[in-house]
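# Observations on the three-dimensional arrangement
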Amino acid sequence: MRTSFQELKNSEVYTKSGVYLGKVRDIVLDLDHHSVAQYLVKKFPLWFPESDKYLINSGQIEAFKQDVIIVKDARLQDDNSASNTDAKPNPAVMSDSSS
């Protein structure tokens, strides 16, 4: 399946058990493998300071549906390094990057 970022952006993201995580706001690319490494998911727009952010690894995706992405259930981990754009993608399955 192929899609553009414009079509993917703002897709709602839910865990397999039905927990709403937010919408796709951005992606992290793996330039070595020419693929999407992670999806930045946030409940509110990026400029909204009090919103939780999650980095979802591509391996956590269960299904892509019409404007909805289903991800595996996982333990949330605090990750203050997620805002560092020079960092390599976090190997954590799902991480809460809010402070």
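Residues numbered from 1 in each chain as written. Predicted model: local features only at pLDDT ≥ 70, side-chain atom pairs only at ≥ 80, totals over all residues. Heavy atoms only, no water.

This part covers the overall build of the protein. Secondary structure summary: the protein contains one helix and eight strands in total. Its helices and strands in sequence order give the protein the pattern α-β-β-β-β-β-β-β-β, from N to C terminus. Taken across its 99 residues, the protein has 33% of its residues classed as buried. Pairs at least 24 residues apart make up 34% of the contacts formed inside the protein by residues separated by at least 6 positions. Summed over all atoms, the accessible surface of the protein reaches about 6600 Å², with 50% contributed by carbon and sulfur. (Helix = DSSP H or I, 4+ residues; strand = E, 2+ residues; numbered from the N terminus. Buried < 20%, exposed > 50% of the residue type's maximum accessible area, 1.4 Å probe, protein only. Contact = heavy atoms within 4.5 Å. Areas by Shrake-Rupley, 256 points an atom, 1.4 Å probe, with all protein chains shown as cover.)

Looking at the protein as a whole, its pLDDT mean stands at 77, while 68% of the residues score no less than 70. No element of the protein has a lower mean pLDDT than strand β7 (residues 77-78), which averages 42, and none a higher one than strand β6 (residues 68-71), which averages 95. Counted against residues more than four places away or in other chains, residues 77-99, with its pLDDT under 50, gives 50 contacts. (pLDDT = per-residue confidence, 0-100.)

Another aspect to go through is the pattern of salt bridges. This model, assessed by the stated rule, comprises one salt bridge. Residue Lys16 pairs with Glu62 through a salt bridge whose shortest N-O separation is 3.8 Å. Remark: Glu62 occurs in strand β5 (residues 61-65) and Lys16 occurs in the loop between β1 (12-15) and β2 (20-30); sequence separation between them is 46 residues. Glu62 gets classed as partly exposed once you look at its relative accessible area, which sits at 36%. (Salt bridge = Lys/Arg side-chain N within 4 Å of Asp/Glu carboxyl O.)

Turning our eyes to something else, we now look at the packing of aromatic side chains. On inspection of all chains with the given rule, the structure shows two aromatic pairs. When the ring of Tyr14 is compared with that of Tyr20, the centres are 5.2 Å apart and the planes differ by 55 degrees; the resulting orientation is tilted. (Phe/Tyr/Trp six-rings, centres within 6.5 Å; stacked < 30°, edge-to-face > 60°.)

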